[in-house]
Amino acid sequence: MTISFLQHYWWALVSLLGALLVFLLFVQGGQSLIWVTAKNSQQRSLLVNLLGHKWELTFTTLVTFGGAIFASFPLYYSTSFGGAYWLWITILLLFVIQAVSYEFRSKAGNLLGQKTYDGFLFLNGLLGTVLLGVAVGTFFTGGAFIMDKTALVHTGGPVISKWANGWHGLDALAHPFNLLMGVGVYAAACTMALLFTIQSIDDAAYKARALKQLRVVGTVFVLGFVVLLVYLFCLTGYRADPVTGHVTPQTHIYLHNMLELVWPAVILLLGVVLVLWGLGCAFFEKGKYNYWITSIGVVLAVFPLLICAAFNNTAYFASTVDPHYSLTLVNSSSSIFTLKVMSYVSLLIPFVLAYIAYVWYVLTKKPMGKTDLEAPDVTVY
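Residues numbered from 1 in each chain as written. Predicted model: local features only at pLDDT ≥ 70, side-chain atom pairs only at ≥ 80, totals over all residues. Heavy atoms only, no water.

Novice: What am I meant to see in the pairing of strand 3 (residues 236-240) here?
Specialist: Summarising the sheet, strand 3 and strand 4 (residues 247-251) pair through 5 bridges and their orientation is antiparallel. Within strand 4, the position partnered with Gly 237 by the bridge is Gln 250. Counting the residues that bridge the hairpin from strand 3 to strand 4 gives 6 residues, and of these Gly 245 lies at a positive phi of roughly 80 degrees. (Pairing = 2+ DSSP bridges. Helix = DSSP H or I, 4+ residues; strand = E, 2+ residues; numbered from the N terminus.)

Structure representation (structure tokens):
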């Protein structure tokens, strides 16, 4: 295995984890609808307890996504997580209050009260998804950092990269593409949440209300994704010379990547078709597997976008201060030894996914109703 193969292999795994994370954000999407779709305390309890069986999967995938980047592309990790820390700390805190809310929401005598914890779940659902989308958007728009690799030999302060302004990541919110990405991720999360709860909650009134909202939210999601694609394909990015490493700007770089690599474009098209198919059937109340069809489509649509952020010698985290500091797969990856050892460990991933699929099936093989919350052996969130 060559270093180039391993770098591309690990970026593909990171991209897959990112796509799976977007899929699992349906938990956050459902939390943001806690006062919109669920109109009484019983429906809210059903919604929270249904999502409570899945929230750990989202959090674990987020941690795994960060861990995979740390191990395979440590220079990105230190530059983005270390420099844009206000953005990442805000995301982390939003996920911490989610965990606390599920733990204490229904505990007798909890300190803050159930409504407060419901508010925390709402904030995690809304802001958590938007800010994660903004963070992912920086793969395409870059960040305001400078770099000096010779700083490694400075015993007093061996810091390779530094943020060039005092906003430390919050400046990403000022870029329209990042905001559009954040809104797009949130719309996808809400769409999948509505599909999931429609098939998984045994409450006719809830299902009727959720279906009406799905027709609106699903349409917004599809139209927003089209706008996002057009914006992405019009962006100017940076490509590194495969021999010298010299970085030069290129207009429509992500569109060129799609057309030159071909297979990401095919996967993207397949994903779009599946999303339209799943949503179309759901709008007209036909089909049993609309949630899975749409969710698989979302994964297939997100995966090639992340692939094109770094494949084809593209700088996946450009410096807006000086493009020559921009990060590529070549200049930001771990050593060949580290990548090779981790590639063997990654062979266990299919077994982990199989276990998750089995647990998922056991927990959701029948819709959840009021009687499920009253069983003596059930943990109520």
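Novice: Where do I start with helix 14 (residues 336-345) in this structure?
Specialist: For an α-helix, the turn length of 3.6 residues means that residues three or four places apart are oriented alike. Within helix 14 the residues assigned to the buried category are Leu 339, Met 342 and Ser 343. One side of helix 14 holds all its buried residues, which, seen down the axis, span an arc of 110 degrees. Of the residues in helix 14, the exposed ones pointing more than 90 degrees away from the buried face are Phe 337, Tyr 344 and Val 345. Where helix 14 is buried, its residues contact helix 1 (3-24) and helix 4 (55-72). (Buried < 20%, exposed > 50% of the residue type's maximum accessible area, 1.4 Å probe, protein only. Arc of directions from axis to C-beta. Contact = heavy atoms within 4.5 Å.)

Novice: What am I meant to see in helix 9 (residues 204-234) here?
Specialist: If you check helix 9, its first and last C-alpha atoms are 45 Å apart, about what 31 residues at 1.5 Å a residue would give, namely 45 Å. Along helix 9, the sharpest kink reaches roughly 30 degrees, centred on Leu 214. Within the span of helix 9, buried status applies to Tyr 206, Ala 210, Leu 211, Gln 213, Leu 214, Gly 218, Phe 221, Phe 225, Leu 228, Leu 229, Leu 232 and Phe 233. Capping the start of helix 9, Asp 203 holds a side-chain oxygen 3.1 Å from the backbone nitrogen of Ala 205, two or three residues further along. (Expected span 1.5 Å × (residues − 1). Bend = angle between axes of the 7 residues up to and from the residue. Polar contact = N/O pair within 3.5 Å; in protein donor to acceptor, adjacent residues only side chain to side chain.)

Novice: I keep staring at the packing of helix 1 against helix 4 and nothing clicks. Help me out?
Specialist: What describes two packed helices is the angle between their axes and the distance between those same axes. Their axes nearest at 9 Å, the elements helix 1 and helix 4 cross at an angle of 160 degrees. Viewed along their axes, helix 1 and helix 4 adopt a mutual orientation that is roughly antiparallel. Of the two possible hands of crossing, helix 1 and helix 4 adopt the one that is left-handed. Every residue of helix 4 that contacts helix 1 at Trp 10, Val 14, Leu 17, Gly 18, Leu 21 and Leu 24 is listed here: Leu 57, Thr 58, Thr 61, Leu 62, Thr 64, Phe 65, Ala 68, Ile 69 and Ser 72. The class makeup of the residues in the contact of helix 1 with helix 4 is 10 nonpolar, 5 polar and no charged. (Axes fitted to C-alpha atoms, helices over the stretch in contact; angles between N-to-C directions. Parallel < 35°, antiparallel > 145°, perpendicular 65-115°, else oblique. Left-handed = near helix turned anticlockwise from the far one by under 90°. Nonpolar A, V, L, I, M, F, W, Y, C, P; charged D, E, K, R; others polar.)

Novice: It is not clear to me how the pattern of salt bridges should be interpreted in this structure. Could you clarify?
Specialist: When the charged atoms of two side chains with opposite charge come close together, those side chains can pair. Taken as a whole and assessed by the stated rule, the structure comprises 3 salt bridges. The residue Asp 118 makes a salt bridge to Arg 105 at a minimum N-O spacing of 2.5 Å. Highlighted residues: Asp 118 in helix 7 (residues 114-141) and Arg 105 in the loop between helix 6 (85-104) and helix 7, separated in sequence by 13 residues. Pair check on accessibility: Asp 118 and Arg 105 agree, each one buried. Arg 215 serves as the salt-bridge partner of Glu 285, at 3.7 Å between the closest nitrogen and oxygen. Placement of the pair is Glu 285 in the loop between helix 11 (263-283) and helix 12 (290-308) and Arg 215 in helix 9, with a sequence separation of 70 residues. The class for Glu 285 is exposed, based on a relative accessible area of 60%. (Salt bridge = Lys/Arg side-chain N within 4 Å of Asp/Glu carboxyl O.)

Novice: Hey, could you run me through the packing of helix 1 against helix 12 in this one?
Specialist: The geometry of helix 1 relative to helix 12 is characterised by a closest axis approach of 8 Å and an angle of 145 degrees between their N-to-C directions. The two elements helix 1 and helix 12 meet at a crossing, and its hand is right-handed. Contacts from Trp 11, Ala 12, Ser 15, Leu 16, Gly 18, Ala 19, Leu 20, Val 22 and Phe 23 in helix 1 reach Tyr 291, Trp 292, Ser 295, Val 298, Val 299, Val 302, Phe 303, Leu 306 and Ile 307 in helix 12. Partitioned by chemical class, the residues of the contact of helix 1 with helix 12 number 15 nonpolar, 3 polar and no charged.

Novice: How do you make sense of the packing of aromatic side chains when you look at a structure like this?
Specialist: How two aromatic rings sit relative to each other is given by the distance of their centres and the angle of their planes. Across all of its chains, the model carries 38 aromatic pairs by this definition. Centre to centre, the rings of Tyr 76 and Tyr 316 are 5.8 Å apart; their planes meet at 55 degrees, and the pair counts as tilted. Placement of Tyr 76 in helix 5 (residues 74-83) and of Tyr 316 in the loop between helix 12 and helix 13 (329-332) is noted, with a sequence separation of 240 residues between them. Between the aromatic rings of Tyr 117 and Phe 120, the centroid separation amounts to 6.1 Å while the plane-to-plane angle is 75 degrees, which identifies the pairing as edge-to-face. Highlighted residues: Tyr 117 and Phe 120, both in helix 7, separated by 3 residues, approximately one helical turn. Overall, the relative accessible area of 23% leaves Phe 120 in the partly exposed class. Across from the ring centre of Trp 360, 4.8 Å away, lies the NZ or CZ of Lys 54, which sits over that ring. (Phe/Tyr/Trp six-rings, centres within 6.5 Å; stacked < 30°, edge-to-face > 60°. Lys NZ or Arg CZ within 6 Å of the ring centre and 35° of its normal.)

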